[in-house]
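# Structural overview for review
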Amino acid sequence: LELCRGRVLVNLDKADRYFDELIPILDNTGTTRQVILKGTLSPKKIANFLDKHEDILYMSKFKFLESKGAAEIKAMYPIDNRVRLVEVKFQDINHPAVSLESLEKLKQMNIRVWVNTLARSHSAGFTDKKALTSPGEIWGALIDRGFSAIQTDEPEALIEYLKKRRLHSEIPVGVLKK
């Protein structure tokens with residue numbers, strides 16, 4: 001974390017079982033606002049955790065396989081209003097959960113929607129491998145749909161694509177707003 005401080009946003013997947021050990025490390029390294037702790041805590045546990053650690057960036061994970069869609073996400077899984085990121089996994093880009101309207105509703109709730117393009121199973125085949133040859137068809141389609149955070153193993157290529165579309169800005173790491 002000391003090497004990453006001020007340079008990159010760190011994503012700690014499945015971190016919820018290690019919170020007690022992680023929080024002091026984040027505090028001691030001064031990286032609390034540039035580390036995302038990701039997990040599947042219940043709404044009550046999220047609220048209790050955020051009551052104690054208000055500066056932590058917590059991201060809930062959702063799988064939309066047979067649900068009513070992200071527009072009804074609060075009814076399906078109430079999100080604490082302090083959660084600013086959700087990761088959405090989907091098997092079909094035409095699923096109601098990842099419709100333009102559903103993702104717009106999450107945006108109106110001030111929630112960023114994270115998509116993982118590392119593996120086919122996370123995002124209906126919208127992968128880094130395909131994006132390297134067709135960035136508009138992969139990253140562009142996801143951005144146009146309303147995804148606002150892309151997890152990639154190809155950051156240079158994604159940044160180049162974002163710059164071409166005039167969507168890239170230099171945001172200092174560690175300045176993420178709640």
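Preceding this section is the structure that the text describes.
Cut-off values and rules
Residues numbered from 1 in each chain as written. Predicted model: local features only at pLDDT ≥ 70, side-chain atom pairs only at ≥ 80, totals over all residues. Heavy atoms only, no water. Helix = DSSP H or I, 4+ residues; strand = E, 2+ residues; numbered from the N terminus. Buried < 20%, exposed > 50% of the residue type's maximum accessible area, 1.4 Å probe, protein only. Arc of directions from axis to C-beta. Contact = heavy atoms within 4.5 Å. Phe/Tyr/Trp six-rings, centres within 6.5 Å; stacked < 30°, edge-to-face > 60°. Salt bridge = Lys/Arg side-chain N within 4 Å of Asp/Glu carboxyl O. Pairing = 2+ DSSP bridges. Right-handed = clockwise from strand over helix to strand, strands pointing away. Axes fitted to C-alpha atoms, helices over the stretch in contact; angles between N-to-C directions. Parallel < 35°, antiparallel > 145°, perpendicular 65-115°, else oblique. Nonpolar A, V, L, I, M, F, W, Y, C, P; charged D, E, K, R; others polar.

Moving on, we come to unusual backbone geometry. Negative phi characterises most residues that are not glycine, and trans characterises most peptide bonds. Here A124, not a glycine, exhibits a phi torsion of approximately 50°, which is positive. Relative to the helices and strands, A124 is located in the loop between β5 (112–116) and α5 (128–133). A relative accessible area of 26% places A124 in the partly exposed class. For R166, which is not glycine, the phi dihedral falls at a positive 60°. Inspection of the secondary structure assignment puts R166 in the segment after α7 (155–164).

All of the buried residues in helix α6 (residues 135–145) are I138, W139, G140, L142 and I143. Within α6, the buried residues cover an arc of 165° as seen down the axis, which keeps them to one side. In this structure, the buried side of α6 is in contact with β4 (85–90), β5, α5, β6 (149–151) and α7. Backbone geometry just after α6 places G146 at a positive phi near 125°.

Taken as a whole and assessed by the stated rule, the structure comprises 4 aromatic pairs. Summarising the aromatic geometry, the rings of F19 and F49 are spaced 4.2 Å apart at their centres and angled 20° between planes, so their arrangement reads as stacked. With F19 in helix α1 (residues 19–29) and F49 in helix α2 (residues 43–52), this residue pair connects regions lying 30 residues apart in the sequence. Residue F19 shares its accessibility class with F49, and that shared class is buried. For the pair F19 and Y58, a centre-to-centre distance of 6.1 Å together with 80° between the ring planes defines the contact as edge-to-face.

Glancing now at the pattern of salt bridges. All told, the structure shown has 3 salt bridges when counted by the stated rule. The partner of E160 in a salt bridge is K164, with the nearest N and O atoms 3.5 Å apart. Of this pair, E160 and K164 both sit in helix α7, 4 residues apart, which is roughly one turn of the helix.

Right, let's talk about the pairing of β5 for a bit. β5 sits mainly inside the fold: 4 of its 5 residues count as buried. Judged from the 3 bridges that link them, β4 and β5 form a sheet pairing that is parallel. When the sheet's bridge partners are listed, L85 is paired in β5 with R112. The handedness of the β4 to β5 crossover, carried by helix α4 (residues 100–108), is right-handed. Judged from the 3 bridges that link them, β5 and β6 form a sheet pairing that is parallel. Pairing of N116 across the sheet is with Q151, part of β6.

Next up on the list: the packing of α6 against α7. Helix packing for two helices is described by the angle between their axes and how far apart those axes are. For the pair α6 and α7, interaxial distance at closest approach is 11 Å and the crossing angle is 70°. Our classification of the angle between α6 and α7 gives roughly perpendicular. Across the interface between the two elements, P135, G136, W139, G140 and I143 of α6 pack against A157, L158, Y161 and L162 of α7. Within the contact of α6 with α7, the residues separate by chemical class into 7 nonpolar, 2 polar and no charged.

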